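Now for the letters of each chain:
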Amino acid sequence: MLQITRPRTIKTIVELRDIVRDWRRAGDLVALTPTMGGLHEGHLSLVRAARRRARRVIATIFVNPTQFSAGEDYETYPRDDVRDAELLAGAGCDLIYAPSVDEMYPEGFATTVSVASTTNGLCAAHRSGHFDGVTTVVCKLLNQANPDYAIFGEKDWQQLVTIRRMVRELDMPIRIASSPTVREADGLAMSSRNRYLSGAERPIAAKLNKALFASADHIAHGLPLDRVIAACSKALLSAGFDEIEYLEARDAHTLEPIDNYAIAGESRLFIAARIGKTRLIDNVAIERTGLTE
Ligand code: PAF
């Protein structure tokens, strides 16, 4: 029978640096998958993507307080270290780094890493301070672990683009790789927060991705962006969503907004919507195959 050993969990920067130094001395490449725990298949796909790139894979589990805005779910965010460790073992993780809040933000901590431009609008407009919290913690995790690769999910596309920009502009010698969004059978993007959905809300939530894919297809086929967006928002509200925070097409790399009839280059359609107490986000490519510019 195949025996899967649980990866070792460490909690301090000193331990992390010692282990990574030994791996590097042995000539091993190292890949990092930052997570906040509450793991699901989406996270495990990041670990597998890391495994394909490097001999040594570290998963971080840290529910980062600074990326939660006031009134958000920091206190109730799913935490299950034992289950997470079992899942990570099965996905091929070598080491879990789960620092405490004090280890990451000692008394008097006063530094913020902030990326402008890619954090204009979309989630940033609705989650005050969120991206500063993300870039600060990811910068610290990358500096602490010093990996060759770090892997992020495409569901959080604005986060991915923002981290890429930070790494590039701060000259960090780390390759940022992305992994496609993993979806439930009905297409709902996997998220640790999906468990907040009630039984009645769950089938409604599945309509989000369907509406998003259909809208991206309409835009790709030349329908005016504003009309498609208005129709999609209306349909989702009638289906039972309480609020559409945003539904916008943006350049996939710069995240610049896109004019109504000027879809060019690689663009994506982004949505955040609320149903009950759950906030869902998703994004898809606007595939313009076969269309002339
Ligand atoms: O995507 C997440 O889970 C978090 O934002 C991250 C990248 C682990 C930083 O806390």
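Treat the numbers as computed from the prediction; the structure is a model and nothing was measured.

**Side note on the environment of L170**
At step 1: The residue L170 is located in the loop between α7 (157-169) and β6 (175-179) in this model.
At step 2: We classify L170 as partly exposed; its relative accessible area is 46%.
At step 3: Residues L170 and S198 lie 28 residues apart in sequence; the distance between their C-alpha atoms is 42 Å.
At step 4: When near neighbours in sequence (up to four residues on either side) are disregarded, L170 contacts V113 and C139.

**Some words on the packing of helix α9 (residues 207-220) against helix α10 (residues 225-239)**
The description of two helices packed together rests on the angle between their axes and the distance between the axes.
At step 1: For the pair α9 and α10, interaxial distance at closest approach is 10 Å and the crossing angle is 165 degrees. By the angle between their directions, the pair α9 and α10 is classed as roughly antiparallel. Classified by chirality, the crossing of α10 by α9 is right-handed. Contacts between α9 and α10 pair K207, L208, A211, S215, H218 and I219 from the former with L225, V228, C232, L236 and A239 from the latter.
At step 2: Residues that form the contact of α9 with α10 fall into these classes: eight nonpolar, two polar and one charged.

**Re the sheet that holds β6**
At step 1: Across the sheet, which stays open at both edges, the six strands sit in the order β1-β4-β3-β2-β5-β6 with parallel pairing between neighbours. What marks the edges here is a single partner per strand, and that holds for β1 (8-10) and β6. On average, each strand axis in the sheet is inclined to that of its neighbour by 25 degrees, with strand direction left out of account.
At step 2: Pairing analysis gives two bridges linking strand β2 (residues 30-35) to strand β5 (residues 149-153), with the strands arranged parallel. Bridging from a neighbouring strand, L32 pairs with A150 of β5.
At step 3: Sheet contacts for helix α6 (residues 130-145): β2, β3 (56-61), β4 (95-97) and β5; angle to β2, the most-contacted strand, approximately 150 degrees.
At step 4: Sitting on the sheet, α7 touches β5 and β6, and the angle it makes with β6 is about 170 degrees.

**A look at the packing of aromatic side chains**
At step 1: If you walk through the whole model with that rule in mind, you get four aromatic pairs.
At step 2: Plain terms: the ring middles of F68 and Y77 are 5.7 Å apart, the flat faces sit at 75 degrees to each other, and that makes the pair edge-to-face. Across the pair, exposure class does not vary: F68 and Y77 are buried alike.
At step 3: A cation over an aromatic ring shows up here: R79 above the ring of Y74, its NZ or CZ 5.0 Å from the ring centre.

**Overview of α6**
At step 1: In this model α6 runs 22 Å from its N-terminal to its C-terminal C-alpha over 16 residues, within 8% of the 22 Å that 1.5 Å per residue would give.
At step 2: Across the 16 residues that make up α6, a large majority, 14, are buried.

**Observations concerning the site of the ligand**
At step 1: Taken together, P34, T35, M36, Q67, V134, V137, V138, F152 and Q159 are the residues near the ligand.
At step 2: Contact between the ligand and Q67: an oxygen atom at 2.6 Å from a side-chain N or O atom of the residue.
At step 3: Note that an oxygen atom of the ligand is positioned 2.7 Å from one of the side-chain N or O atoms of Q159.
At step 4: Broken down by secondary-structure element, the contributors of at least two residues to the shell around the ligand are β2 and α6.
At step 5: For the shell around the ligand, the element with the most residues is α6, which contributes three residues.
At step 6: Taken together, the residues of the shell around the ligand break down into six nonpolar, three polar and no charged.

The rules behind the values
Throughout, residues of each chain are indexed from 1 in the direction in which the sequence is written. Residues qualify for local features only when their pLDDT is at least 70, as the model is predicted, and side-chain atom pairs are given and counted only at 80 or more; totals for whole chains, interfaces and linings, by contrast, use all residues. As a convention, hydrogens and water are excluded, and side-chain values are obtained from all of the structure's heavy atoms. Strands here mean DSSP runs of E at least two residues long; helices mean DSSP runs of H or I at least four residues long; both are numbered from the N terminus. Burial status follows relative accessibility: with a 1.4 Å probe on protein chains alone, a residue under 20% of its type maximum counts as buried, one over 50% as exposed, and anything between as partly exposed. Residue contacts follow a heavy-atom distance rule, with two residues in contact if any of their heavy atoms lie within 4.5 Å. Every angle, taken between N-to-C directions, lies between 0 and 180 degrees, and every axis is a line fitted to C-alpha atoms, over only the stretch in contact when it is a helix. For this classification, under 35 degrees means roughly parallel, over 145 means roughly antiparallel, 65 to 115 means roughly perpendicular, and everything else is oblique. Each crossing gets its hand from how the near helix is turned against the far one by less than a right angle, where anticlockwise is left-handed and clockwise is right-handed. Note on residue classes: Ala, Val, Leu, Ile, Met, Phe, Trp, Tyr, Cys and Pro are nonpolar, Asp, Glu, Lys and Arg are charged, and everything else, Gly too, is polar. Two strands qualify as a pair provided DSSP detects at least 2 bridges between them. Only the six-membered ring of Trp is used, alongside the rings of Phe and Tyr, when aromatic pairs are assigned; centres must lie within 6.5 Å, and planes under 30 degrees apart are stacked while those over 60 apart are edge-to-face, with the rest tilted. A ring is considered to have a charge above it if a Lys NZ or an Arg CZ atom is located within 6 Å of its centre and within 35 degrees of its normal. Multiplying 1.5 Å by the helix residue count minus one yields the expected span of that helix. For this purpose, a residue is taken to be near a molecule or strand whenever a single non-hydrogen atom of the residue falls within 4 Å of it. As used in this structure description, the phrase polar contact means that two N or O atoms lie within 3.5 Å; if the pair is within protein, one of them must be able to donate a hydrogen and the other to accept it, and residues adjacent in sequence are counted only when both atoms belong to side chains.

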